[in-house]
Amino acid sequence: MDRPNILFIMSDDHASHAISCYSGRINQTPNIDRIANEGARLDNCFCTNSICSPSRATILTGKYSHLNGVKTLADKFDGRQPHVAKLLQQGGYQTCIIGKWHLGHGGNSDPTGFDYWCVLPGQGEYHNPVFYDMGEEKQYRGYATDIITDMCIDWLNNRDRNRPFFLMCHHKAPHRPWEPSEKYMALYEDVDIPEPETLFDDYDTRSDAARLAEMRISHHLTRTDVKEDPPVHMEGKELTRWYYQRYIKDYLRCIASIDESVGRLLDYLDKEGIAGNTVVIYTSDQGFFLGDHGWYDKRFMYEESLRMPFLIRYPEGIKPGTIIKDIIINTDFAPTFLDYAGLNIPDDMQGYSIRPILEGKEVDGWRHAMYYRYWMDRDDHCVAAHYGIRTKRYKLICYYAPGRYYNGEYPKSAKDTKWPQWELFDLHNDKYELKNVYGDSAYADVVKELKEELDRLRKELKDDD
Ligand code: CA
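Calculation notes
- Residues numbered from 1 in each chain as written.
- Predicted model: local features only at pLDDT ≥ 70, side-chain atom pairs only at ≥ 80, totals over all residues.
- Heavy atoms only, no water.
- Helix = DSSP H or I, 4+ residues; strand = E, 2+ residues; numbered from the N terminus.
- Rg over C-alpha atoms; globule rule 2.2 N^0.38 Å.
- Buried < 20%, exposed > 50% of the residue type's maximum accessible area, 1.4 Å probe, protein only.
- Contact = heavy atoms within 4.5 Å.
- Areas by Shrake-Rupley, 256 points an atom, 1.4 Å probe, with all protein chains shown as cover.
- Expected span 1.5 Å × (residues − 1).
- 1 Å grid on protein atoms, 1.4 Å probe; cavity = no way out; pocket = protein on both sides within 12 Å on 5 of 7 lines; lining within 4 Å.
- Points joined across faces, edges and corners; volume = space filled by probe spheres on them.
- Nonpolar A, V, L, I, M, F, W, Y, C, P; charged D, E, K, R; others polar.
- Core = buried A, V, L, I, M, F, W, Y, C linked by side-chain atoms within 4.5 Å.
- Domains from an automatic or database assignment.
- Donors = N, O, S within 2.8 Å, 3.2 Å for Na, K, Ca; no water.
- Tetrahedral: all angles 85-135°; square planar, octahedral: opposite > 155°, others 65-115°.
- Pairing = 2+ DSSP bridges.
- Axes fitted to C-alpha atoms, helices over the stretch in contact; angles between N-to-C directions.
- Buried area = accessible area lost by both parts, 1.4 Å probe.
- Salt bridge = Lys/Arg side-chain N within 4 Å of Asp/Glu carboxyl O.

A. How the structure looks around the overall build of the protein. Of regular secondary structure, the protein possesses twelve helices and 16 strands. Over its C-alpha trace the protein gives a radius of gyration of 21 Å, about what one expects of a compact globule, namely 23 Å for 465 residues. Counting every position in the protein, which comprises 465 residues, the buried fraction comes to 62%. In the protein, 69% of the contacts between residues at least 6 apart in sequence involve partners at least 24 apart. Element-wise, carbon and sulfur atoms account for 47% of the exposed surface of the protein, whose accessible area totals about 18400 Å².

Set out below in structure tokens:
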């Protein structure tokens, strides 16, 4: 059998609860859902460091941030290190990346291991974006999501049909500042989007990290984000609701273009007659808060931010409608692609191929816990640096340093707080993570066991600072 093509579609900041096949109740994504219906939906796929550049570096290398060198948005990727695109290229694949790169430019940070690359500089623009086409600056007219899709289809049309391909289609959307295309501007105009259960979270029982984070729907969205000033005299919950509706509608409009793009790519595979021998993945670099806990953005180890959507279709190996509950993390992506390509998985990759799981096989000793670490304590959202462990039932988080602004200053009230601070959630009884039971004596044994497992994982993963 021929080696399969791999089409990896990744958006930026697309939370799984804004995808209808994940029981999202706020929008419909029929084309993205097609991948799940005809393949598999992973319900416990988690990001090891929930922020853009670090997740991208982990996906490429199969390694945690402390080993691939990209711990924060300020770190540039060193493309001299081994990674999955290089290995696939050396193994005979045609390789290509189009769209968001966000791992630095120039020096050793331009994409390596790709036969062709055309990427947005930094975050890129939604409208009339500039791209670096193999390093050459070119401006395109139109909307980023549509342009990226067109470029992917052009590249596929011009590929060598005698060799398998690995195409990374990386969208900018639906990243802030949430600018929809003209086509979807009026979508949701006359409806109210349902609010999350935790929109008015008061952070009672939780660590100071939750209280100090500056990413609240009610306080920290700007005029650029919501495109107009709130009505005068509006305040309190009414104002929060106004901000939420402005924010979520533009976010979902950006996703409407992504869903259309996925549909175009799936149709292309059908038309070419290669859908049967192509592994198609839809994912996002991390999750996102959609008003959950009163927030936008990501970073925290809470569920909405930690969970990545992950849908995969491969008719020759995955049964339609498969649902996977095992804990999968973004270090597993690279080993999985190499497995499908029939290539060796380097020993120093920290993830494991999920192919046997997708094929319905029992895998002895599959991980029952995952390790998380958010390093970026310095930025304007002031999220405390933290690490933690998540099992199927529990989540233990240690906030070890308060978040600061880029200029190094702490938010005023951070000076009165002591660190580290811990949180424990029993997800069976508290799926929204509202009740921190770290100090509850009924959970003393659980805390002890989780701390031991956390120490063990930190050693195993060589995160020992
Ligand atoms: Ca992101």
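B. Focus on helix α12 (residues 444-460). Compared with the 24 Å implied by 1.5 Å per residue over 17 residues, the 24 Å span of α12 between its first and last C-alpha is a close match. Positive phi appears at Lys 462, one or two residues downstream of α12, with a value of about 65 degrees.

C. Looking closely at empty space enclosed by the protein. Enumeration according to the criterion identifies one cavity of 30 Å³ or more in this entry. There is about 50 Å³ of room inside the largest cavity. Surrounding the largest cavity, Met 10, Arg 56, Ile 59, Leu 60, Ile 97, Lys 100, Trp 101, Leu 103, Met 168 and His 170 form its lining. Those elements giving two or more residues to the lining of the largest cavity turn out to be α2 (52-61), β4 (94-100) and β8 (165-170). A total of three residues in the lining of the largest cavity trace back to one element, the largest contributor, which is α2. Its residues assigned to classes, the lining of the largest cavity shows seven nonpolar, one polar and two charged.

D. Up close: the environment of Thr 224. Here Thr 224 is to be found in helix α7 (residues 223-226). Its relative accessible area of 55% is what places Thr 224 among the exposed residues. Remark: the alpha-carbon pair of Thr 224 and Trp 178, spanning 46 residues in sequence, is separated by 9.3 Å.

E. The nonpolar core, seen in detail. Within the largest apolar cluster, 106 residues are counted, with the highest numbers of intra-cluster contacts made by Tyr 247, Tyr 251 and Phe 300. For this core, the two domains that each supply at least three residues are domain 1 (5-181 + 245-368) and domain 2 (371-460). Formed by 44 residues, the second largest nonpolar core is a distinct cluster that contains Met 10, Leu 60, Val 279 and Ile 328.

F. Just the coordination of the calcium ion, in detail. Distances from the calcium ion to its protein donors, Asp 12 (OD), Asp 13 (OD), Cys 52 (SG), Asp 285 (OD), Asp 285 (OD) and Gln 286 (OE1), fall within 2.2 to 2.7 Å. Around the calcium ion, the six donor atoms sit at angles spanning 52 to 162 degrees, and that spread fits a shape best called irregular. Of note, the calcium ion draws all its donor residues from one chain, in the sequence arrangement D-D-x38-C-x232-D-Q. With Asp 13 in the loop between β1 (5-11) and α1 (30-37) and Asp 285 in the loop between β9 (278-284) and α9 (303-306), this residue pair connects regions lying 272 residues apart in the sequence. For Asp 13, a relative accessible area of 0% gives the class buried. Classification of Asp 285 by relative accessible area gives buried; the value is 0%.

G. Main features of the layout of surface pockets. Put simply, the largest pocket is a space of about 800 Å³. Around the largest pocket sit 27 residues that line it, and His 17, Tyr 22, Arg 307, Lys 431 and Tyr 432 are the ones nearest its centre. The residue inventory of the lining of the largest pocket, partitioned by class, reads nine nonpolar, six polar and twelve charged. The residue makeup of the lining of the largest pocket includes at least three contributed by each of domain 1 (5-181 + 245-368) and domain 2 (371-460). For the second largest pocket, the lining is made up of 26 residues, of which Gln 350, Tyr 352, Arg 367, Glu 460 and Leu 461 are closest to its centre. Among the elements of the structure, β13 (369-374) and α12 are those that each provide at least two residues to the lining of the second largest pocket. Of the residues assigned to the lining of the second largest pocket, the class counts are 14 nonpolar, four polar and eight charged. The residue makeup of the lining of the second largest pocket includes at least three contributed by each of domain 1 (5-181 + 245-368) and domain 2 (371-460).

H. Focus on the sheet that holds strand β16 (residues 421-426). Overall, antiparallel pairing links the four strands, which are arranged β13-β14-β15-β16 in an open sheet. Every interior strand has two partners, whereas the edge strands, β13 and β16, have only one. With strand direction ignored, the average angle separating the axes of adjacent strands in the sheet is 10 degrees. Examined bridge by bridge, β13 and strand β14 (residues 385-391) share six bridges and lie antiparallel to one another. What sits directly across from Tyr 372, in β14, is Gly 388.

I. Fine view of the sheet that holds strand β2 (residues 40-42). Pairing within the open sheet is mixed, and its ten strands lie in the order β7-β6-β5-β4-β8-β1-β9-β10-β2-β11. Of all the strands in the sheet, the pair left with one neighbour each is β7 (136-139) and β11 (322-324). Put simply, the sheet's adjacent strands are angled 15 degrees from each other on average, direction ignored. In this structure, β1 lies alongside β9, joined through seven bridges in parallel fashion. Counterpart to Ile 6 in the pairing with β9 is Val 279. Together, β1, β4 and β8 form the strand contacts of α2, whose direction differs from that of β1 by roughly 170 degrees.

J. Looking closely at the domain arrangement of the protein. The domains assigned to the protein are domain 1 (5-181 + 245-368) and domain 2 (371-460). Each of domain 1 and domain 2 has a C-alpha centre, and these two points are 27 Å apart. Facing the 29 residues of domain 1 at the interface are 27 residues of domain 2. Both sides of the domain 1 and domain 2 interface together cover about 2300 Å² of buried area, and 60% of this is carbon and sulfur. Three residues, Arg 299, Met 301 and Tyr 302, lead the burial of domain 1 against domain 2; their summed loss comes to 32% of the area buried on that side. On inspection of domain 1 and its partner domain 2, the count reaches three salt bridges.

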